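Residue-level structural notes
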Amino acid sequence: MKRKVFSIALVALLILSLFGIPCFSAQADASFFLKVESDSVSLYENTAVQAAMFTLPRTFYVKVVRLSYTSSYHLVEYNGVRGLVKTSDFSSPPEENVPNPYYTGTNVTAHVNTYLYFAPSFSSRSEIEASGLSLTYLGKVSGEKGSYDTSVWFAVLYANEVYYLHCSLTNNLSLLESSFRPVHPNSVEPASGNPTTEKTDEAESGASFDVVRLLLILGMIVPLVVIVFLLFKPKRKRRSTKRRNNYDSYYPDEDDYDDYYDN
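**Looking at the overall build of the chain**
- Per the secondary structure count, the chain includes four helices and 13 strands.
- Within the span of the chain, comprising 263 residues, buried residues form 27% of the whole.
- Across the chain, the fraction of contacts at a sequence separation of at least 24, relative to all contacts at a separation of at least 6, is 55%.

The structure is reproduced here in structure tokens:
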């Protein structure tokens, strides 16, 4: 009995290692991204405050943290900044393991004696002097005009936090020009007009990998099924037959025979 219990436990461990651990690892290693397909997709800090943190660059991606976080929002991450995006802004399904999903091609440089702001408002100035800092450009957002002709602020990343600079306080006014439109490499097509074959190659390699994994799983399942069958195969019951010796066969009524001579 103990041997059978041990065998069953061993088979269960093999099944868990076969199905549970690889699936968990695949999910843990995979990252999924949503493509920003318009110029009006914004990242929000939460649902209570509807003011956007900044507008996301079109053709780039946000990393999925949790789809349908609420009925109207996905929880995502962009360049280390976690926030919410409206589900209505995305129609394409998530893409897996997108290389270089965020726009990091521009650093904002500030004028001398300029400070970072916690919000796109001149009353939200921090004590962090912006000049001389390496500030990664995240996107644009509309805020206070102040004494300037525009309400555009730049959202920048510094020390893993989001800060703001009025565009007129920077040396990056070219970001306001209509010609400034960064494009993710996935959206670039070759001169012939045909889509790049990179994604096709990735899909084919992924499909071949899935076939190999399926064959390996099947090769391990068959022995397990055989083991389980042998463990639980019902044993044949042997019919117990009472052998009779020659004496019994010739004298079936021994008691009667003795009684006859006693009389």
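Having seen it, we continue.
**Topic: the pairing of strand β4 (residues 61-66)**
- Judged from the three bridges that link them, strand β1 (residues 32-35) and β4 form a sheet pairing that is antiparallel. When the sheet's bridge partners are listed, F33 is paired in β4 with K63.
- Pairing geometry for β4 and strand β5 (residues 73-78), over three bridges, is antiparallel. Bridging from a neighbouring strand, V64 pairs with V76 of β5.
- Taking the residues between adjacent antiparallel strands as the criterion, β4 and β5 are bridged by six residues, where S68 takes a positive phi near 50°.

**Notes on the side chain of T170**
- Its location among the elements puts T170 in the loop between β13 (161-166) and α2 (198-232).
- The residues touching T170, leaving out its near neighbours within four places in the chain, are V108, T109, A110, H111, F154 and L165.

**Notes on the pattern of salt bridges**
- Scanning all chains against the criterion turns up three salt bridges.
- One salt bridge in this structure joins D39 and R58, with 3.4 Å as the shortest N-O distance. In this pair, D39 sits in the loop between β1 and β2 (42-44) while R58 sits in the loop between β3 (52-55) and β4, placing the two residues 19 residues apart along the sequence.
- Its relative accessible area of 47% is what places D39 among the partly exposed residues.
- With a closest N to O distance of 3.8 Å, R82 and E77 form a salt bridge.
- Within the structure, one salt-bridge network assembled from shared partners comprises D39, R58 and R181.

**Some details on the nonpolar core**
- Ranked by internal contacts, the top residues of the largest apolar core, which has 41 residues, are L43, F54, L56, Y78, V108, L138 and Y164.
- Of all the elements, strand β12 (residues 152-158) adds the most residues to this core, at five residues.
- Those residues in contact with L43, other than ones at most four positions away along the chain, are A52, M53, F54, L56, V76, V81, G83, L84 and V85.

**Quick word on the layout of surface pockets**
- Estimated volume of the second largest pocket: approximately 380 Å³.
- As for the second largest pocket, its lining consists of 18 residues, of which E45, M53, F118, V162 and Y164 are closest to the centre.
- Counting only elements with at least two residues in the lining of the second largest pocket, the list comes to β3, β6 (81-86), β11 (135-142) and β13.
- Sorting elements by how many residues they give to the lining of the second largest pocket places β13 first, with four residues.

**What to know about the packing of aromatic side chains**
- Applying the stated rule across the entire model yields 14 aromatic pairs.
- Judged by centre distance (6.3 Å) and plane angle (85°), the rings of Y103 and Y137 are edge-to-face. Of this pair, Y103 sits in the loop between β7 (95-96) and β8 (107-108) while Y137 sits in strand β11, and the two are 34 residues apart along the sequence.
- What makes Y103 buried here is its relative accessible area of 12%.
- Accessibility expressed as a relative area gives 3% for Y137, which makes it buried.
- Centre to centre, the rings of F122 and W153 are 4.9 Å apart; their planes meet at 55°, and the pair counts as tilted. Of the two residues, F122 is situated in the loop between β9 (115-117) and β10 (125-129) and W153 in strand β12; the sequence distance between them amounts to 31 residues.
- Relative accessible area serves as the criterion here: at 28%, F122 is assigned to the partly exposed category.

What counts and what doesn't
- Residues numbered from 1 in each chain as written.
- Predicted model: local features only at pLDDT ≥ 70, side-chain atom pairs only at ≥ 80, totals over all residues.
- Heavy atoms only, no water.
- Helix = DSSP H or I, 4+ residues; strand = E, 2+ residues; numbered from the N terminus.
- Buried < 20%, exposed > 50% of the residue type's maximum accessible area, 1.4 Å probe, protein only.
- Contact = heavy atoms within 4.5 Å.
- Pairing = 2+ DSSP bridges.
- Salt bridge = Lys/Arg side-chain N within 4 Å of Asp/Glu carboxyl O.
- Core = buried A, V, L, I, M, F, W, Y, C linked by side-chain atoms within 4.5 Å.
- 1 Å grid on protein atoms, 1.4 Å probe; cavity = no way out; pocket = protein on both sides within 12 Å on 5 of 7 lines; lining within 4 Å.
- Points joined across faces, edges and corners; volume = space filled by probe spheres on them.
- Phe/Tyr/Trp six-rings, centres within 6.5 Å; stacked < 30°, edge-to-face > 60°.

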